[in-house]
Amino acid sequence: MSGGPADRAVLSAANISMRYRRGGKLSGSEQIQALDGMSLEVRSGEILALVGPSGSGKSTLARCLAFLERPDSGEVGFQGEAVPWEDVLAMRGLRRRVQLVFQDPARAVSPRFTTEQVLREPQQAWQQRASPQRALDWAQLLAEVELDPKVLPMRARSLSGGQLQRLVLARALVTEPDALLLDETFSGLDLSLQAKLANLVLGLVESRGLTCVLITHNSALAEQLADRSLVLSQGRVVDERSAPDASTGGTS
Amino acid sequence: MSRLVGRLAQGALLLVVLSMLVFVFAELAPGDFFTGAVLDPRMSEELIETLRLQYGLEQPLHIRYLRWASSVARGEGGFSIAYRRPVVDLFLPRAAHTLMLAGASMLLAWIIALVLGIAGAYRAGGWLDRSTLIAVAALLAIPELLLALLGILVAVNTRLPLGGATSLDYASLSLGARLIDRIEHLVIPVTVLALTSLPVLVRHVRTSVLEALDAPFVRAARGHGISGRRLMLAYVLPAAANPLITLFGISFGGLLSGSLVIEGAMGWPGLGPLVLESMTNQDLHVLLAGILGVCAFLWVGNLIADGLLVLIDPRSGD
């Protein structure tokens, strides 16, 4: 999927703003400007880090880039075209191509589903609309994220933190996305697990030719993994840094 | 199964302790059933003393309690001095009416609350959501009794009957006409009672669904292109169900105690007027049966809710 020129934008945001209201309508609401005219481009095949302190609009940006929330103003683009927010069916198809992986995997999985159901749900939703029916290669998918097939009949609460994180990654890969957004995926893990998962993700990006957006408050981690980093503050991009050894951009 | 037996034993113990408490509190209150009789010029002091002895009111507390307990064990449920009859005979027909009223309004209130709460949360901030919230706030501010009066006003201006559970000529009606007659008598009391419990239910349903809609796993499912209907049915509603089932259990008790007030105001021949009367004239055994009845009802409601939770939640079966 990422065979295009290295500088082509997979995802883009043009001057997007987003505002939240906190508190009830009657109790004097306070407006929070989560995104304040932010613009950025994610190039095909790159690993882009979005670094910023909490409250800098990282997670809101992630939800906008995953097409889950529509910004109040500005445009979100996918492969050079503006996202058609009004077209519900088209949006459903589009969402599967950019997958967001959340910070807390335990809350990102329905507690009622077994591991197998968790993985089957997105596949079924996708296959309902895809014209060529394709069987999912379970064994391969689980091997890719290094998850033991024994966990398939188990429910989320009986999995370990690392297993959950791998499960959530596997779920994101089911619909064969073009881009992966990792929202603080590596925070709150011990260092050895963090390193293991980071290597796993790097391997996936390489083998699947994914574009990856890494959202983190940890600038050291960003420097280590990313080709390029954008520093966010108060809903804007305030700085851009390129990794010295990644001047070629695309990895494939 | 052993858990169920444990719960039943717990409930029985609860009722025993509660009955003792009621006895003690009634003892602390001044006077007894015959205190008011002193004012009656036809009653001589000797007569009142004889009556007190006859009904055993002069005996010490623990003896009176044991006599009540043995009466319960015989299936009489105590003895009403005011009606000179076993409490069971007074209670059963009235309890049927109260249960009919409470059950029907509970059903109505939950159906309305689920529809409005889920629809409102699904389009939070939309016109339906906002008008529901305003209506619910207004309803919350209106006292139960005023609602009952409004219900009476409606009854006066429509053909709907009010007072009693059946018409006077009920016995002469055909089977179909009897059913219609009963339903007609239920309409206004049920509506009023449902309205009193509605605000809390709507708000809880709305909040639970909103919370579930905001959960990361629901967001993830949206990200996979899962349709809105499947999203609600397989993800949001099951996640929102647990707190609502617990609330369902609690709402049993609230509805029954609310029903006692409404019954008095609207002339519904249920337990309400009987229990209120027993409170003012200190007909202790009737009062006791009323309090224990409400408590048992609440307890059964919670038992049902807990059973539902076990059934519905696969996590408890692992």
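Please read all numbers here as calculations on a predicted model, not as lab measurements. (Residues numbered from 1 in each chain as written. Chains lettered and ligands numbered in written order. Predicted model: local features only at pLDDT ≥ 70, side-chain atom pairs only at ≥ 80, totals over all residues. Heavy atoms only, no water.)

In this section: the domain arrangement of chain B. Residue and element names in this part refer to chain B. Segmentation of chain B into domains returns domain 1 (2-87) and domain 2 (90-317). Taking only C-alpha atoms into account, the centre of domain 1 sits 32 Å from that of domain 2. If you look at the interface, domain 1 gives 26 residues, while domain 2 gives 21 residues. A buried area of about 2,100 Å², summed over both sides, lies between domain 1 and domain 2, and 68% of it is on carbon and sulfur atoms. Contact with domain 2 buries surface across domain 1, with R7, Y83 and V87 losing the most and accounting together for 29% of the total. Our enumeration of links across domain 1 and domain 2 arrives at 1 salt bridge. Of the charged contacts, one joins R7 and D306 as a salt bridge, the two residues approaching to 2.6 Å between their closest N and O atoms. (Domains from an automatic or database assignment. Contact = heavy atoms within 4.5 Å. Buried area = accessible area lost by both parts, 1.4 Å probe. Salt bridge = Lys/Arg side-chain N within 4 Å of Asp/Glu carboxyl O.)

All names here are of chain B. Summarising the element assignment, S105 is placed in helix α4 (residues 87-122). A polar side-chain atom of S105 sits 2.8 Å from the main-chain carbonyl oxygen of L101. Among residues more than four places away in sequence, those in contact with S105 are V190, L193, A194 and L255. (Helix = DSSP H or I, 4+ residues; strand = E, 2+ residues; numbered from the N terminus. Polar contact = N/O pair within 3.5 Å; in protein donor to acceptor, adjacent residues only side chain to side chain.)

Attention shifts here to the interface of chain A and chain B. Contacts between the two partners involve 24 residues from chain A, matched on the other side by 24 residues from chain B. Taken over both partners, the interface formed by chain A and chain B buries close to 2,300 Å², and the fraction arising from carbon and sulfur atoms is 53%. For the chain A face of the interface with chain B, the top three residues by lost area are L68(A), R112(A) and E121(A), together amounting to 27%. Residue E121(A) pairs with R230(B) through a salt bridge whose shortest N-O separation is 2.2 Å. Viewed at the interface, chain B and chain A are joined by 10 residue pairs in polar contact (both at pLDDT 80 or more). It is helix α3 (residues 115-127) of chain A that contributes the most residues to the side of chain A that touches chain B, 3 residues altogether. Grouping the amino acids of the side of chain A that touches chain B by side-chain chemistry returns 9 nonpolar, 3 polar and 12 charged. (Nonpolar A, V, L, I, M, F, W, Y, C, P; charged D, E, K, R; others polar.)

Before going further, it helps to spend a moment on the packing of aromatic side chains. All names here are of chain B. Tallying each qualifying case throughout the model produces 10 aromatic pairs over all chains. Residues W110 and F248 carry aromatic rings whose centres are separated by 5.8 Å and whose planes lie at 65 degrees to one another, so their mutual orientation is edge-to-face. Here the residue W110 occupies a position in helix α4, and F248 occupies one in helix α9 (residues 228-266), the gap between them amounting to 138 residues. (Phe/Tyr/Trp six-rings, centres within 6.5 Å; stacked < 30°, edge-to-face > 60°.)

A few words now on the nonpolar core. Core analysis: the biggest nonpolar cluster contains 88 residues, and L167(A), L169(A), L182(A), F186(A) and Y235(B) have the highest contact counts within it. In terms of residue count, the dominant contributor to this core is α9(B) (13 residues). Residues M18(A), L48(A), L61(A) and L65(A) belong to the second largest nonpolar core, which totals 35 residues. (Core = buried A, V, L, I, M, F, W, Y, C linked by side-chain atoms within 4.5 Å. Buried < 20%, exposed > 50% of the residue type's maximum accessible area, 1.4 Å probe, protein only.)

When pLDDT is averaged along chain A, the result is 82, and 87% of the positions lie at 70 or above. For residues 1-6 of chain A, every residue scores under 50 in pLDDT, and the model assigns this stretch 9 contacts once sequence neighbours within four places are set aside. (pLDDT = per-residue confidence, 0-100.)

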